[in-house]
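Understanding the architecture of this molecule
If you want the building blocks of each chain, they are given just below.
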Amino acid sequence: MPDSLQLQWRHVGLIFRKELAAYFNSTVAYITLVVFLAITGWFFSSSFFIINESDLRILFGVAPIIFLFFIPAITMGLVAREKSGGTMELLVTLPLADWEIVVGKFLAAVTLIAVALGFTLFHFLTLLGVATNIDIGAIIAGYLGLLLVGGVYAAAGVFCSSLSSNQITAFILSFLIVFVFFMLDKMLMFMPGFMTAFIQYISIEYHLGNISRGVIDSRNLVYFGSMIGLFLLLAIRVLEMRKWR
Amino acid sequence: MIHVENLSKHFGEVNAIQEIDFTVNDGEILGFLGPNGAGKTTTLRIITTFLTPSGGRVTVDDLDVAEHSAEIRKRIGYLPELNPLYDEMLVYEQLRFVAESRNIVGRWFTEALHRVIDVCGIKEVIHRPVGELSKGYRQRVGLAMAIIHDPDILILDEPSAGLDPNQIVEIRELIKQLGREKTVIMSSHILQEVQEVADRMVILNNGQVVADGTTAELMAGFEGKASLNLDVKSASEASVTGLTRKFTDIKVRENSLHDGHGHLLLEYSTGHDLREQIFHYAVESGWIILEMSRTQAKLEDLFRKLTIENGGPHA
Ligand SMILES: Nc1ncnc2c1ncn2[C@@H]1O[C@H](COP(=O)(O)OP(=O)(O)O)[C@@H](O)[C@H]1O
Ligand SMILES: [Mg+2]
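Here's the deal with the overall build of chain B
Within chain B, the secondary structure is distributed over eleven helices and 14 strands. Computed over its C-alpha atoms, the radius of gyration of chain B comes to 25 Å, more than 25% above the 20 Å expected for a compact globule of 315 residues. Referenced to the eigenvectors of the C-alpha coordinate spread, the extents of chain B come out at roughly 85 × 45 × 35 Å. Evaluated residue by residue, chain B yields a buried proportion of 51% over its 315 residues. Sequence separation of 24 or more characterises 69% of the internal contacts of chain B that already satisfy a separation of 6 or more. Surface exposure of chain B reaches about 14500 Å², of which carbon and sulfur atoms provide 48%.

So, the sheet that holds strand E9 (residues 200-205) of chain B
All names here are of chain B. One open sheet accounts for six strands, arranged E6-E7-E8-E3-E9-E10; its pairing is mixed. On the outer flanks of this sheet lie strand E6 (76-79) and strand E10 (208-213), each paired with one strand and no other. Pairwise comparison of adjacent strand axes, ignoring direction, gives a mean angle of 15° for this sheet. Bridge analysis of strand E3 (residues 29-33) against E9 gives four bridges, and the strand direction is parallel. Counterpart to Leu 33 in the pairing with E9 is Ile 203.

Considerations on the interface of chain B and chain A
Contact residues are listed per partner, giving 33 residues for chain B and 29 residues for chain A. Summed over both sides, the interface of chain B with chain A buries roughly 2800 Å², with 57% coming from carbon and sulfur. In terms of surface lost to chain A, no three residues of chain B exceed Phe 50, Arg 73 and Phe 97 of chain B, which account for 23% of the buried area on that side. The interface formed by chain B and chain A contains two salt bridges. Note that Glu 100 of chain B and Arg 17 of chain A form a salt bridge whose closest N and O atoms lie 2.9 Å from each other. Class assignment of the residues belonging to the side of chain B that touches chain A gives a composition of 15 nonpolar, nine polar and nine charged.

About the thresholds
Residues numbered from 1 in each chain as written. Chains lettered and ligands numbered in written order. Predicted model: local features only at pLDDT ≥ 70, side-chain atom pairs only at ≥ 80, totals over all residues. Heavy atoms only, no water. Helix = DSSP H or I, 4+ residues; strand = E, 2+ residues; numbered from the N terminus. Rg over C-alpha atoms; globule rule 2.2 N^0.38 Å. Buried < 20%, exposed > 50% of the residue type's maximum accessible area, 1.4 Å probe, protein only. Contact = heavy atoms within 4.5 Å. Areas by Shrake-Rupley, 256 points an atom, 1.4 Å probe, with all protein chains shown as cover. Pairing = 2+ DSSP bridges. Axes fitted to C-alpha atoms, helices over the stretch in contact; angles between N-to-C directions. Buried area = accessible area lost by both parts, 1.4 Å probe. Salt bridge = Lys/Arg side-chain N within 4 Å of Asp/Glu carboxyl O. Nonpolar A, V, L, I, M, F, W, Y, C, P; charged D, E, K, R; others polar.

Given below as structure tokens:
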């Protein structure tokens, strides 16, 4: 049995802090955050004044679509940039385990997503000022659902970023993957009957729908957890493969 | 002690290195010399666990690199050919990042930081962004990262490439200084540099070891060529051809005779001295010798012979 590096959360923390600092030291994070806030704000306010809906359903509906672009954009560089800049050779020849690198980067992306979602609380506060009988439980569930969807997209993004040293390639790949996951639910009616149960099970929208309705079933959580785990494992495999090329 | 045994690596169809063997003794600076594409980086990447060999093995202090990857990475300090710096970090942050990955924190980090600042001479830039540093300082910071944990083994891939002459002198001095207490492998494609810095050299060409030893050992085994420079008058072309016909060992490398007047560069193997015979032949042929001087074979010639003339990339 080859010796391996023990799981060291402080190494995960090291990578996590480095990536978070990199996000906020560059303008990229600010630009993406502002764009995210602007788009959700636009959808929110137009629905707010026109339909006068007193919940965040519009936000929860539109955020997964914005995520399709937003998350590949914030994950595309995570591994690809290390490869093109030569720093990958440093990272993997330090006593860091591949999984510490991957998980640290993933958590940094999820944190940025959480910050972006945090900004949309402005919309929520606006709502509080105007509307009555707000279902706080549904709103918490809605945010949890978005964070979980964001997590799956981010894991897919880290995986795609590990496949290439080109950020644009990584962006396109991860956009395609998350787009397919997003569309599965909508293509259900074109699928042969025996596949619907399966497709439904792997469809993000189906599980998100459940959670947003306030039904936080362990099956839904297992689904999100295993999708995240799967993509992160794939990313770790890809990192290991460099040795054998 | 580093043992490289029968090591091979191929990338698809490309054989980067083929069955190479060499040893690095404790406390020695080994110069790893070879032209571009010889396989130096590939070999160093296997030793540092970045790549896995296709065949053969490397042991560091009797630990197989492939099996004890984590332990090896703790023991080795490595400066890759493409200096792996994060331009957005301050020099201090860059060093702290590497230190933390090696679990050097708090008081230990402060001590380590002061040590590498002193050794590498980076006090002036410690609070500057890495992206703003000159090439010379970048290389010093790269070295500082490699020695932050005070490793016994240091692996440097072309550490002086791209530096200006003054910076090259400085970085060589630094490597010599580090080599006093550490085992160092330094790759280079410049013979003079390896000669100056290293105790011993391994010469690589086309993925194979073509020479291994100290400068003196290599020269002793080198059956080189002696060159003879002649400035002559009234030497006919026919008599020059006649010379090579009479002494088949002699080759005319240069011939700039005009009306029998000019310069000849003759070459023959050092095994036997032909100067006397050449002199007699010249007299018989009626040449007037204005000057005759011999150049001894040099290590440069050996290096050229080993790497270029024998099917090297520029052959
Ligand atoms: N990742 C790789 N994929 C394909 N070929 C490679 C790779 N790395 C190196 N090579 C090839 O292997 C040979 C040796 O390269 P390298 O070890 O970089 O030589 P050096 O460091 O002596 O210049 C070259 O022909 C190079 O093109
Ligand atoms: Mg090289």
